[in-house]
Amino acid sequence: MPILLFDIDGTLVRTGGAGKAAMEAGLRAAFGVPELRDVVPYSGRTDRAIGRDLLVVHGIEPSLANQIRLQEAYLSHLPGSLATLGGMVCPGIAELLRHLHPRQDVLLGLLTGNVRTGAKHKLGHFGLWDYFACGGFGDEHYDRDDVARMAIAEVNAHLGRNVATSDVWVIGDTPLDVKCARAIGAKVVAVATGWHPVDELANHNPDFLLADLSNPNELLRLWG
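Residues numbered from 1 in each chain as written. Predicted model: local features only at pLDDT ≥ 70, side-chain atom pairs only at ≥ 80, totals over all residues. Heavy atoms only, no water.

Participant: Just checking my understanding: could you explain the pairing of strand 4 (residues 107-111) for this structure?
Facilitator: Consecutive residues of a regular strand have side chains that alternate between opposite faces of the sheet. Of all 5 residues in strand 4, 5 are buried, a share of seventy percent or more. Burial along strand 4 is two-sided: Leu 107, Gly 109 and Leu 111 facing one way and Leu 108 and Leu 110 facing the other are all buried. Across 4 bridges, strand 1 (residues 3-6) lies against strand 4 in parallel orientation. Counted as the bridge partner of Leu 4 is Leu 108 from strand 4. Of the pairings in the sheet, the one linking strand 4 to strand 5 (residues 134-136) comprises 3 bridges and is parallel in character. What sits directly across from Leu 110, in strand 5, is Gly 135. (Buried < 20%, exposed > 50% of the residue type's maximum accessible area, 1.4 Å probe, protein only. Helix = DSSP H or I, 4+ residues; strand = E, 2+ residues; numbered from the N terminus. Pairing = 2+ DSSP bridges.)

Written out as structure tokens, the structure is:
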């Protein structure tokens, strides 16, 4: 059984920057930050790591309490940001999920740096949340490699057995997606639908590299 673990931002959907806007709005609302410093990287990272780093660069103690406070403020702003900024489902994704979802010999899951509630907001906004059975999220981890390990544990729990990592595919748009897949011994499909172009992703040696998923026939053959 192929286990297909999808990243969200830049892979399944592009939110028009709604996540970043909501995080920054949350920082202002929760801590009264008058001027934002745009120096914290977001691409491929967990919400928990992003939130911690935002607190640090703005001179706020990155205590667990403050991280939770920022996360709650972020989540309160996210639905409005999604509604305002719109975004889009990435090319080929809707068709691919509709094709794969009814199959009993494939498991669709998530492997994302988003916290679970944020992932539900984003995918729910685009009508994609219900396609996925389980996954790994960024609620508890700073490192995407740990999220990948969590995703495998969730897959095992969902299926009631331990899966072979050779059956696991991570589909993502960043070098960190490739890295976290390798941390669990999984194969990788890299897609250049996010912020990283094809030539940059090629440097990280994914198993497959595609401009987008609008023509996934070769992958579908591999996945049975």
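Having seen it, we continue.
Participant: Looking at this structure, how should I read the pattern of salt bridges?
Facilitator: Side-chain pairs of opposite charge can arise whenever the charged atoms involved come near each other. Summed over all chains, the structure comprises 11 salt bridges. We note a salt bridge from Arg 52 to Asp 53, for which the minimum N-O separation is 3.0 Å. Looking at Arg 52, the relative accessible area reads 26%, which means it is partly exposed. For Arg 144, the salt bridge identified is with Asp 177, shortest N-O distance 2.5 Å. Remark: Asp 177 occurs in helix 7 (residues 175-183) and Arg 144 occurs in helix 6 (residues 144-159); sequence separation between them is 33 residues. By relative accessible area, Arg 144 is classed as buried at 4%. Given a relative accessible area of 1%, Asp 177 falls into the buried group. Several salt bridges converge on common partners, so that one network encompasses Asp 7, Arg 144 and Asp 177. (Salt bridge = Lys/Arg side-chain N within 4 Å of Asp/Glu carboxyl O.)

Participant: What's the story with the state of the cysteines in this structure? I'm lost.
Facilitator: Working definition of a disulfide: a covalent bond connecting the sulfur atoms of two cysteines. Per the counting criterion, the structure on display carries 0 disulfides. Free of any disulfide, Cys 90 has its nearest neighbouring cysteine sulfur in Cys 180, separated by 17 Å. Looking at Cys 180, it has no disulfide partner, and the nearest cysteine sulfur is the one in Cys 134, 15 Å off. (Disulfide = S-S within 2.5 Å.)

Participant: Explain the layout of surface pockets to me, please; I cannot follow it from the model alone.
Facilitator: With a probe scaled to a water molecule rolled over the atoms, the places where space remains empty come into view. When its volume is computed, the largest pocket comes out at roughly 560 Å³. What lines the largest pocket is a set of 28 residues, and nearest its centre among them are Asp 9, Tyr 42, Ser 43, Lys 122 and Trp 195. Elements with a minimum of two residues in the lining of the largest pocket: strand 2 (13-14), helix 1 (18-31) and helix 2 (47-57). When residues of the lining of the largest pocket are assigned to their parent elements, the largest contribution, 3 residues, is made by helix 1. For the lining of the largest pocket, the per-class residue count stands at 7 nonpolar, 12 polar and 9 charged. By volume, the second largest pocket is sized at about 170 Å³. At the level of elements, helix 2 and helix 3 (64-85) are the ones that each hand at least two residues to the lining of the second largest pocket. Of the residues forming the lining of the second largest pocket, the biggest block, 6 residues, is contributed by helix 3. The class makeup of the residues in the lining of the second largest pocket is 6 nonpolar, 3 polar and 4 charged. (1 Å grid on protein atoms, 1.4 Å probe; cavity = no way out; pocket = protein on both sides within 12 Å on 5 of 7 lines; lining within 4 Å. Points joined across faces, edges and corners; volume = space filled by probe spheres on them. Nonpolar A, V, L, I, M, F, W, Y, C, P; charged D, E, K, R; others polar.)

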